[in-house]
There are 2 protein chains.
Amino acid sequence: MHEGEEMHEFDRATAVRRRTVDDDGHAVHDVEVDAGWSIGDKPNGGYLLATVARAAADAAAAIEGPDHPHALAATAAYAAPPKPGPAEIRSEVLRRGRGTSQVRARLVQDGAVRVDATLTLGRLRPDATPWWGGAPAPEVPDVPRERRTPADGPGGVHLPIMERVDIRLDPETAGFTVGRPSGAGELRALLRFADGRAPDPLALLYAVDALPPAPFDVGGTAGWVPTMSLTAYVRALPADGPLVVRQRAGLIEAGTVDEVCEVWDGRGRLVAQATQLAGVRTAGPPPA
Amino acid sequence: MHEGEEMHEFDRATAVRRRTVDDDGHAVHDVEVDAGWSIGDKPNGGYLLATVARAAADAAAAIEGPDHPHALAATAAYAAPPKPGPAEIRSEVLRRGRGTSQVRARLVQDGAVRVDATLTLGRLRPDATPWWGGAPAPEVPDVPRERRTPADGPGGVHLPIMERVDIRLDPETAGFTVGRPSGAGELRALLRFADGRAPDPLALLYAVDALPPAPFDVGGTAGWVPTMSLTAYVRALPADGPLVVRQRAGLIEAGTVDEVCEVWDGRGRLVAQATQLAGVRTAGPPPA
């Protein structure tokens, strides 16, 4: 941040303040869970993961060693949703390596663990290029601004997060919003921060959990799809421009669903991947 | 186990002995890291995850509440490989819910964290059926026993684990063993325990990390592919019979690769899924 530069909403919402750190790499950070990054009254899981990652990287940076500012791999188990307001993040640096460091970090509120995360930190380099593989970016049309996902969700649920992030679903995958899911279990969208903040590795931890649940495009499910565990891999520094995000449902069985998310940057480079296991309620038989 | 029944090798190797547990769900288990489940001198990551999961489930069971014997989701960060011999697993039950519980557990040896895991536990039911989705099982031919992966690995590396598990690669994906990778980055195999132990949810945590690294079928990489972080989802109770395992490489960039693993049971049902982020050394340009 340079003087006079305005802080973006995502950075304000994920800000951490170091309270204590010791030589063993145990740190405590104060955070303020922001009501603005919620679906209904539940803070978004990717937003919480990004906040925890920010604290974890700061804890690692407080110890002598190589500079590992980016979460390369991060898994969060969601024990219970925190409420908006003060919380703390307790980090423990498990290993400081040459190429990577590993940190465990948890968000605690009212004495109870809300999010428990394990992170592998490293440094992504601007000159890195893909060597092999990586799914190509799907074509997602840039629909007009009026078609961005509104903050007034279905069934009267308020989605304050949609005031802060501009998600424009590919019309081909937006049928569920008018009661006509395609049945494919796949959502695609362009994602931007509403205030113009550029994407970076921290933002990718949010982006992998930003879309509506992919089972909404299957049909036949009821209610919300709460994430139990989210794993994100950040593979490259994203270029400027809107992110392309694809979220796909895998197997729905016994009240759980796995979802796979991929994120490409403005150059069409695969920059993040994620899987999550979530709870899902099925209503009657599966759609034909 | 019934009296007179022989204990299988996998159960012996993953055995945990509860040392202490308190009402808050903090438990310590003694374990013996088994030299027989190694690649060279490094214990297999899936074997370690299964051992940690066994301790975590026992820690949860020690507290009053619903019965959650199975790891539904488990992520392990591998900080440093443990040596064969005594170690301890320290568990902490984060949440005891109606349908699921969450536990953090770590394997510690010589005072240092070797594996740090986060687990979501629940109970898989024998009458569960897939409701939607799930990739169909690939056809993997059952090649003769003589073609199982030998314990004498390439470059003189000893693979003691291959004396305990019977892995028969689909010949179509076994070209890398004779220096002719297909370039597709995909391995498929049938997997059985050599001593006839039946698959169960615990065994699936091992199965998702049992195959050789999928980059071996890409070509152009050098040396081992050490797992940094492994995430497994166990989706159903596996039926008897050999497991079908498919391991695929995703993106190779900047010294890391993501791999996706899927496991089907003898009925062809998808029973486990996993992703991992691993380190990889590339030698020269990618294969054409």
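Residues numbered from 1 in each chain as written. Chains lettered and ligands numbered in written order. Predicted model: local features only at pLDDT ≥ 70, side-chain atom pairs only at ≥ 80, totals over all residues. Heavy atoms only, no water.

**A look at the overall build of chain A**
Move 1: Check the secondary structure of chain A and you find three helices and 17 strands.
Move 2: For a compact globule of 288 residues, the expected C-alpha radius of gyration is about 19 Å, and chain A comes in at 19 Å, within 12% of that figure.
Move 3: Taken over 288 residues, chain A has a buried fraction of 60%.
Move 4: Long-range pairs, those at least 24 residues apart, make up 69% of the contacts in chain A with a sequence separation of at least 6.
Move 5: Carbon and sulfur atoms make up 50% of the accessible area of chain A, which totals about 11600 Å².
Move 6: Side chains of chain A carry 31 positive and 39 negative charges; the gap between the two charge centres is 2 Å. (Helix = DSSP H or I, 4+ residues; strand = E, 2+ residues; numbered from the N terminus. Rg over C-alpha atoms; globule rule 2.2 N^0.38 Å. Buried < 20%, exposed > 50% of the residue type's maximum accessible area, 1.4 Å probe, protein only. Contact = heavy atoms within 4.5 Å. Areas by Shrake-Rupley, 256 points an atom, 1.4 Å probe, with all protein chains shown as cover. Lys, Arg positive; Asp, Glu negative; His and termini not counted. Charge placed at Lys NZ, Arg CZ, Asp CG, Glu CD.)

**A short note on the interface of chain A and chain B**
Move 1: Taken together, the contacts link 57 residues of chain A with 57 residues of chain B.
Move 2: With both chains or domains summed, chain A and chain B bury close to 4500 Å², and 59% of this area falls on carbon and sulfur atoms.
Move 3: For the chain A face of the interface with chain B, the top three residues by lost area are W131, W132 and R235 of chain A, together amounting to 22%.
Move 4: Scanning the region where chain A abuts chain B turns up six salt bridges.
Move 5: The partner of R235 of chain B in a salt bridge is D258 of chain A, with the nearest N and O atoms 2.6 Å apart.
Move 6: Across the side of chain A that touches chain B, the residue classes tally to 26 nonpolar, 22 polar and nine charged.
Move 7: Bridge count between strand β14 (residues 243–253) of chain A and strand β9 (residues 130–133) of chain B: three bridges; the pairing is antiparallel. Residue L251 of chain A lies in a different strand from β9 of chain B, and its bridge partner there is G133 of chain B. (Buried area = accessible area lost by both parts, 1.4 Å probe. Salt bridge = Lys/Arg side-chain N within 4 Å of Asp/Glu carboxyl O. Nonpolar A, V, L, I, M, F, W, Y, C, P; charged D, E, K, R; others polar. Pairing = 2+ DSSP bridges.)

**As for the pairing of strand β13 (residues 227–234) of chain B**
Residue and element names in this part refer to chain B.
Move 1: Of all eight residues in β13, eight are buried; the element is thus mostly enclosed.
Move 2: Pairing of β13 with strand β16 (residues 270–279), which is carried by seven bridges, proceeds in the antiparallel orientation. Within β16, the position partnered with V234 by the bridge is A272.

**A word on the pattern of salt bridges**
Residue and element names in this part refer to chain B.
Move 1: Taken as a whole and judged by the stated rule, the model has 60 salt bridges over all chains.
Move 2: Two residues, R17 and D30, come together in a salt bridge whose shortest N-O distance is 3.9 Å. Here the residue R17 occupies a position in strand β1 (residues 16–21), and D30 occupies one in strand β2 (residues 26–33), the gap between them amounting to 13 residues.
Move 3: We note a salt bridge from D116 to R106, for which the minimum N-O separation is 3.1 Å.

**Points about the nonpolar core**
Move 1: In this structure, L119, L205, Y206 and V263 of chain A are the most contacted members of the largest nonpolar core, which totals 83 residues.
Move 2: Element by element, the count of residues in this core is highest for helix α2 (residues 45–61) of chain A, at 11 residues.
Move 3: Those residues in contact with L119 of chain A that sit more than four places away from it in its chain are V52, A53, A56, A71, A73, A74, S101, Q102, V103 and A105 of chain A.
Move 4: By size, the runner-up hydrophobic cluster in this structure holds 72 residues, among which are Y47, V115, A189 and V234 of chain B. (Core = buried A, V, L, I, M, F, W, Y, C linked by side-chain atoms within 4.5 Å.)

**Considering the side chain of T149 of chain A**
Move 1: Mapped onto the elements, T149 of chain A comes out in the loop between β9 (130–133) and β10 (165–169).
Move 2: Once you skip the residues sitting within four places of it in the chain, T149 of chain A turns out to touch M162, I167 and L169 of chain A.

**Things to note about the relation of the copies chain A and chain B**
Move 1: Superposing chain A onto chain B requires a rotation of 180° together with a translation of 0.0 Å along the rotation axis, leaving an RMSD of 0.0 Å. Given the turn and translation reported, the copies of this chain are related as if by a two-fold rotation axis. (Least-squares fit on C-alpha atoms with pLDDT ≥ 70 in both.)

**Observations regarding the pairing of strand β15 (residues 256–264) of chain A**
Residue and element names in this part refer to chain A.
Move 1: Taking burial as the measure, the nine residues of β15 include eight buried ones, the bulk of the element.
Move 2: Pairing between β14 and β15: eight bridges, direction antiparallel. Within the sheet, the bridge partner assigned to I252 lies in β15 and is V257.
Move 3: In textbook terms, the turn of a hairpin is the stretch between consecutive antiparallel strands, and for β14 and β15 this stretch comprises two residues, one of which, A254, has a positive phi near 55°.
Move 4: As paired elements, β15 and strand β16 (residues 270–279) share nine bridges and run antiparallel to each other. Residue E259 lies in a different strand from β16, and its bridge partner there is Q276.

**A word on helix α2 (residues 45–61) of chain B**
Two residues of an α-helix separated by three or four positions point the same way, owing to the 3.6 residues in each turn.
All names here are of chain B.
Move 1: Along its 17 residues, α2 runs 24 Å from first to last C-alpha, staying within 8% of the 24 Å computed at 1.5 Å per residue.
Move 2: Most of α2 sits out of view: 14 of its 17 residues are buried.
Move 3: Here α2 starts with a cap whose side-chain oxygen sits 2.8 Å from the backbone nitrogen of G46, and that cap is N44. (Expected span 1.5 Å × (residues − 1). Polar contact = N/O pair within 3.5 Å; in protein donor to acceptor, adjacent residues only side chain to side chain.)

**Side note on the packing of aromatic side chains**
Move 1: Tallying each qualifying case throughout the model produces 18 aromatic pairs over all chains.
Move 2: Taken together, a centroid distance of 6.1 Å and an interplanar angle of 45° make the contact between F10 of chain B and Y206 of chain B tilted. Of this pair, F10 of chain B sits in helix α1 (residues 9–13) while Y206 of chain B is found in helix α3 (residues 201–207), placing the two residues 196 residues apart along the sequence. When sorted by exposure, F10 of chain B lands in the same class as Y206 of chain B, which is buried.
Move 3: Considering the side-chain rings of W37 of chain B and Y47 of chain B, the 6.0 Å spacing of their centres and the 25° angle between planes classify their relative orientation as stacked. Of this pair, W37 of chain B sits in the loop between β2 and β3 (38–39) while Y47 of chain B sits in helix α2; the two residues are 10 residues apart in sequence, bridging distant segments of the chain. Take W37 of chain B and Y47 of chain B: they sit in the same class, and that class is buried.
Move 4: Each member of the aromatic cluster is reached from another via a ring pair, and the members are F10, W37, Y47, F193 and Y206 of chain A. (Phe/Tyr/Trp six-rings, centres within 6.5 Å; stacked < 30°, edge-to-face > 60°.)

**Remarks on the side chain of R235 of chain A**
Move 1: Checked against the element boundaries, R235 of chain A lands in the loop between β13 (227–234) and β14.
Move 2: From its side chain, R235 of chain A meets the backbone oxygen of L251 of chain B in a polar contact 2.8 Å long.
Move 3: With residues near it in sequence (within four places) discarded, R235 of chain A still touches L124, L270, V271, A272 and Q273 of chain A together with L251, I252, E253, T256, V257, D258 and L277 of chain B.

**Some words on unusual backbone geometry**
Move 1: Phi angles above zero are rare outside glycine, and D110 of chain A is one such case at about 50°.
Move 2: Here D110 of chain A lies in the loop between β7 (101–109) and β8 (112–122).
Move 3: For D110 of chain A, a relative accessible area of 62% puts it in the exposed group.
Move 4: At A254 of chain B, a residue that is not glycine, the phi angle is positive and equals roughly 55°.
Move 5: When you line up the elements, A254 of chain B lands in the loop between β14 (243–253) and β15 (256–264).
Move 6: Taking the relative accessible area as the measure of exposure, A254 of chain B reaches 57% and is therefore exposed.

**Comments concerning empty space enclosed by the protein**
It is the rolling of a water-molecule-sized probe over the atoms that shows where space remains empty.
Move 1: Scanning the entire structure with this criterion turns up one cavity of 30 Å³ or more.
Move 2: If you add up the space inside the largest cavity, you get close to 30 Å³.
Move 3: Residue lining of the largest cavity: A73, A74, T75, T118, L119 and T120 of chain A together with T75, A77 and S229 of chain B, and that is the complete set.
Move 4: Counted by class, the lining of the largest cavity contains four nonpolar, five polar and no charged residues. (1 Å grid on protein atoms, 1.4 Å probe; cavity = no way out; pocket = protein on both sides within 12 Å on 5 of 7 lines; lining within 4 Å. Points joined across faces, edges and corners; volume = space filled by probe spheres on them.)

**Some details on the confidence of the model for chain A**
Move 1: On average, residues of chain A score 95 in pLDDT, and 98% of them reach the 70 mark or higher.
Move 2: Scored as a complex, the prediction yields pTM 0.97 and ipTM 0.96. (pLDDT = per-residue confidence, 0-100.)

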